[in-house]
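# A closer look at the structure
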Amino acid sequence: MSKNNITCECGHVNPYGTEICEVCGKPLQGDLESKKLLNMRYEGSARRSQTYKTTVIDKIWNFFSSVKVGIWIIVLLLVASAVGTIFPQEMYIPPLSDPTVYYKEQYGVLGQLYYDLGFHNLYGSWWYMLLIAALGLSLIVASLDRFVPLYRSLKRQRVIRHESFMKRQKYFGVTDLEAKKPELSRIKEALQQKRYKVREEDGHLFAEKNRFSRWGPYVNHIGLILFLIGGMLRFFPGMYVDEVLWLREGETQQVKGTEEAYYLKSDGFILETYDNNDEKFKDAIEESGQELVAKNYQTDAVLYQQVGDRIAGTEPELEKVKEHPIQVNKPLKFDGYAIYQVDYKLNELQSMTFTMDNKESGKAVGELTVDLYNPKEEYELDEGYRVEVMDYFPDFEFNDKGEPTTKSKVPNNPAFILNMISPEHPDGEVAFVAIKQNLEPLGENDYKMSFQNVDTKDVSGLVVRKDNTLWILGIGGAIFMIGVIQGMYWNHRRVWVRRREGDIWLASHTNKNWYGLKRELEYITAQTGLQMPDDQSEPKK
């Protein structure tokens, strides 16, 4: 088939594939005497996806211009997003937990499969980003494939339309001038009263209104594309930060995700609770089923900024920026970031103190304090005694094989495998020490580790947030809603009046709400004496 342009009898050159002349409306394909209504969805314009189908570029264009493809991409995104809610995302698992073991231990084989397929970090995975990019590409291609030829056809339409064009409209009627004497000026006035923009040429009229409503779906697409761009930009460094920070009293930590080197110190944690005996709150507290209901919890925070470059192996030089009590809904804000108080944990284990005792004499030969977050490999005691930390399990439990392991890096149930070295035993004696457990796995020992006390601290659960994409998401959402309103509450309506010898032809079309158009035609014909056009819709079979 030749790909040459089509020249209409009116002289206009139409792109190959055009079904209705862009200017005069003459049908360019099929029988001119056919009574079948014209397909006016895209004004019979030549869409690239329906015309060119041979080259690789054509096939790619046609694939992404398909509405079905776009719907399937949306379905895949919805399914993936739904699966992503079955188990918690990595950002919501317990802090310091190792995701490589957490999902399998907590959720078994399904949890391991969930992790292996990347659903634990769904919204940052490459294939999820690829789906979003494919949806954006589909929206762009589908919009261009339809918008450009439709815009060209509507812009070039003439007042005088071909007779076949008028006869094959849904509403078409002929008024005999011998029986009635309608005046063109009265017809024009009636159309203007219904807020039509009227053009006149050689005694013929073309009335149109609300053409802008035809662009509603494409405005929707622009809004969606901006929304998708905003969503994808969240995964670019510096555009979006949502980091969890667990900060213990007296501790200073670097604030993750900040472009500059910021550090945050907790000068103390404050928890205020409601009085259980207060009559105003007693009933509500009893209904909650909790012994203590938080009235206020806050972190007295100090923000620091690193001065100069940090040398590896040395402590950073910090400069105080500001102090701020972080409370719920009262974040610490700085440099576009906000740190929110979202959770807390009371009396978290910080350190444990042990003594190494001679079992026969009961005498302690030394004392050691183990930092549960940063235990040393070896602790020197007096007179040649020392203790080696062979293994450490912060959150101890036995796995399916009966071997000791840890559920997380948080010291909820600390346990140690220690090697106690003494003058009598230079190679050491092995002991397994946990809360209320003191085992000797390799046989009877002469020495033992005895628990003395524990140090606890309150921990603040903070979230560091920064979002430079909100304005893009907001604009995208606003544009989308404008498109929805634009296409929903207005209809593109057109009326053609063609004066012939002895009669007047009237045809009309709208992209939707035919009942509303019919009411307007009834008003216009009643005011002008024109005959009400017939509804030429094909009868339902």
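Described in the following lines is the structure provided in the data block. (Residues numbered from 1 in each chain as written. Predicted model: local features only at pLDDT ≥ 70, side-chain atom pairs only at ≥ 80, totals over all residues. Heavy atoms only, no water.)

## Thoughts on a nonpolar patch on the surface
Together, Val67, Ile71, Trp72, Val75 and Val79 make up an exposed nonpolar region whose accessible area comes to about 480 Å². With respect to the secondary-structure elements, Val75 resides in helix H3 (residues 67-83). Its relative accessible area of 32% is what places Val75 among the partly exposed residues. (Patch = residues over 30% accessible without salt bridge, like charges linked within 9 Å, V, L, I, M, F, W, Y side chains within 5 Å. Areas by Shrake-Rupley, 256 points an atom, 1.4 Å probe, with all protein chains shown as cover. Salt bridge = Lys/Arg side-chain N within 4 Å of Asp/Glu carboxyl O. Helix = DSSP H or I, 4+ residues; strand = E, 2+ residues; numbered from the N terminus. Buried < 20%, exposed > 50% of the residue type's maximum accessible area, 1.4 Å probe, protein only.)

## Side note on the packing of aromatic side chains
A ring pair, where both rings are aromatic, is described by two values, the distance of the centres and the angle of the planes. Applying the stated criterion across every chain, the model contains 34 aromatic pairs. Pairwise contacts between aromatic rings join Phe87, Tyr102, Tyr103, Tyr107, Tyr114, Tyr115, Phe119, Tyr123, Trp127 and Tyr128 into one cluster. Above the plane of the ring of Tyr196 lies Lys209, whose end atom (NZ or CZ) is 4.8 Å from the centre. The ring of Tyr340 carries the charged tip of Arg465 above its face, separated from the ring centre by 5.6 Å. (Phe/Tyr/Trp six-rings, centres within 6.5 Å; stacked < 30°, edge-to-face > 60°. Lys NZ or Arg CZ within 6 Å of the ring centre and 35° of its normal.)

## Regarding the sheet that holds strand S10 (residues 318-327)
Read across the sheet, four strands follow the order S7-S8-S9-S10 without closing on themselves; strand pairing throughout is antiparallel. Two strands bound the open sheet, and with one partner strand each, they are strand S7 (252-254) and S10. Each neighbouring strand pair of the sheet contributes to a mean axis angle of 25°, computed without reference to strand direction. In terms of strand pairing, strand S8 (residues 262-273) meets strand S9 (residues 294-306) through ten bridges, oriented antiparallel. The partner of Ile270 across the bridge, within S9, is Gln298. (Pairing = 2+ DSSP bridges. Axes fitted to C-alpha atoms, helices over the stretch in contact; angles between N-to-C directions.)

## A few points about the environment of Tyr123
Assignment of secondary structure puts Tyr123 in the loop between helix H4 (99-116) and helix H5 (126-156). The exposure class assigned to Tyr123 is partly exposed, which follows from its relative accessible area of 30%. C-alpha separation for the pair Tyr123 and Arg234, spaced 111 residues apart in sequence, amounts to 9.8 Å. Sequence-distant contacts of Tyr123, that is, excluding residues within four places in its chain, are made with Ser81, Gln89, Tyr128, Met129 and Phe235. (Contact = heavy atoms within 4.5 Å.)

## Quick word on the packing of helix H7 (residues 184-193) against helix H11 (residues 514-528)
At a minimum axis separation of 9 Å, H7 and H11 run at an interaxial angle of 145°. Considering only the axes of H7 and H11, their crossing is right-handed. Contacts between H7 and H11 involve Arg186, Ile187, Ala190, Leu191 and Gln193 from the first element and Tyr523, Ile524, Gln527 and Thr528 from the second. For the contact of H7 with H11, the per-class residue count stands at five nonpolar, three polar and one charged. (Left-handed = near helix turned anticlockwise from the far one by under 90°. Nonpolar A, V, L, I, M, F, W, Y, C, P; charged D, E, K, R; others polar.)

## Some details on the nonpolar core
Core analysis: the largest hydrophobic core is formed by 22 residues, its most contacted members being Ile73, Leu77, Tyr103, Tyr128, Ile132 and Leu135. Contributing elements (two or more residues each) for this core: H3, H4, H5 and helix H8 (216-233). Tallying contributions element by element places H5 first for this core, with eight residues. Apart from the residues within four sequence positions on either side, Leu77 is in contact with Tyr128, Leu131, Ile132 and Leu135. Grouped together as the second largest cluster of nonpolar side chains are 21 residues, Phe354, Phe416, Val433 and Met449 included. (Core = buried A, V, L, I, M, F, W, Y, C linked by side-chain atoms within 4.5 Å.)

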